Amino acid sequence: MLIALQVFNVAFAQDLPATTHSPASAAQTTTIVTTWASQPPTGALSEDAIKTAIANAGYKEVKGLEFKDGVWRSEARGGNKQWVKLKVGPVTGKVYPADAPSKLNKDEVNAKLAAVGFQNIKHVKFQDGLWSANAKNGRGAHVDLLIDPGDGAVVASSQD
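Residues numbered from 1 in each chain as written. Predicted model: local features only at pLDDT ≥ 70, side-chain atom pairs only at ≥ 80, totals over all residues. Heavy atoms only, no water.

Engineer: Where do I start with the pairing of strand β5 (residues 119-127) in this structure?
Structural biologist: Looking along a regular strand, one sees the side chains alternate between the two faces of the sheet. Relative to strand β6 (residues 130-136), β5 runs antiparallel, the two sharing five bridges. Across the sheet, residue glutamine 119 finds its bridge partner in β6, namely lysine 136. Hairpin connection between β5 and β6: a loop of two residues separates the two successive antiparallel strands, and aspartate 128 in this loop has a positive phi of roughly 55 degrees. (Pairing = 2+ DSSP bridges. Helix = DSSP H or I, 4+ residues; strand = E, 2+ residues; numbered from the N terminus.)

Engineer: I keep staring at the sheet that holds strand β2 (residues 71-77) and nothing clicks. Help me out?
Structural biologist: Working definition: the strands of a sheet are paired by backbone hydrogen bonds and lie parallel or antiparallel to each other. Pairing is antiparallel in the open sheet, where four strands are placed in the order β1-β2-β3-β4. One side of each edge strand has no neighbouring strand; the edge strands of this open sheet are β1 (60-68) and β4 (95-97). For this sheet, the mean inter-axis angle between neighbouring strands, taken without regard to orientation, is 25 degrees. Relative to β4, strand β3 (residues 83-88) is paired through three bridges, and the arrangement is antiparallel. Looking at the pairing, lysine 87 lines up with tyrosine 96 of β4. Against the sheet, helix α3 (residues 47-56) engages β1, β2, β3 and β4, with an angle of about 135 degrees to β1. (Axes fitted to C-alpha atoms, helices over the stretch in contact; angles between N-to-C directions. Contact = heavy atoms within 4.5 Å.)

Engineer: Please explain the pattern of salt bridges as it appears in this structure.
Structural biologist: Charged atoms that come close allow side chains of opposite charge to pair. Applying the stated criterion to the full structure yields four salt bridges. Among the salt bridges present, the one from lysine 51 reaches glutamate 47, with a minimum N-O distance of 3.9 Å. Here the residue lysine 51 and the residue glutamate 47 both occupy positions in helix α3, the gap between them amounting to four residues, near one helical turn. Note on lysine 51: relative accessible area 36%, which makes it partly exposed. Residues arginine 77 and glutamate 61 are paired through a salt bridge, measuring 2.9 Å at the closest nitrogen-oxygen approach. (Salt bridge = Lys/Arg side-chain N within 4 Å of Asp/Glu carboxyl O. Buried < 20%, exposed > 50% of the residue type's maximum accessible area, 1.4 Å probe, protein only.)

Engineer: I would appreciate a short explanation of the sheet that holds β6 in the present structure.
Structural biologist: Spatial strand order, β5-β6-β7-β8: four strands in an open sheet with antiparallel pairing. The outermost strands of the open sheet, each flanked by one partner alone, are β5 and β8 (154-159). For this sheet, the mean angle separating the axes of adjacent strands, direction not counted, is 20 degrees. Of the strands in this sheet, β5, β6, β7 (142-147) and β8 touch helix α4 (residues 106-115), which is tilted by about 140 degrees from β5.

Engineer: Help me understand the packing of aromatic side chains in this model?
Structural biologist: Any aromatic ring pair is given by two values, namely how distant the centres are and how the planes are angled relative to each other. For the structure on display, the rule yields two aromatic pairs. For the pair phenylalanine 67 and tryptophan 72, a centre-to-centre distance of 5.7 Å together with 75 degrees between the ring planes defines the contact as edge-to-face. Per residue, the accessibility class of phenylalanine 67 equals that of tryptophan 72, and both read buried. Consider the rings of phenylalanine 126 and tryptophan 131, whose centres lie 5.3 Å apart with planes at 50 degrees: the pair is tilted. Using a relative accessible area of 7% as the deciding quantity, one classes tryptophan 131 as buried. Looking at lysine 63, its charged tip hangs above the ring of tryptophan 83, at a distance of 4.2 Å from the centre. (Phe/Tyr/Trp six-rings, centres within 6.5 Å; stacked < 30°, edge-to-face > 60°. Lys NZ or Arg CZ within 6 Å of the ring centre and 35° of its normal.)

Here is the structure:
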């Protein structure tokens with residue numbers, strides 16, 4: 001059963017919203033439980049490719065690389081020889097340092113998500129290099145999102 005749940009989660013890990021919304025699902029009350037996939041989604045880069053992406057971003061001595069909560073996480077030494085916590089997009093390989101500022105503000109993130117069909121966007125927060133939010137996708141399903149701080153693209157999605 002655990003394998004079936006993981007397969008189900010992977011199938012929905014990178015869902016983008018559809019453009020239509022079912023009115024019946026809007027009235028539905030659900031208990032929210034986060035179900036981030038424990039494995040990278042279909043089409044994700046390999047662990048070796050993620051290490052290469054981190055090295056190409058100028059980091060050395062990668063340690064503790066693991067896939068958790070929709071993204072790859074690790075620590076690495078930056079150019080100043082200090083250890084930095086990193087998150088890495090599983091499909092793009094884009095590296096997000098925990099201490100980097102966001103180019104977007106909360107309102108811009110809300111607008112970007114709404115523009116691609118997410119609704120009822122709540123709890124938008126910037127933390128450790130990525131924006132996070134809760135929303136409903138175009139099918140009315142509750143999702144947790146991790147959002148790129150530079151362009152507002154969805155880096156990871158988990159169905160609640």
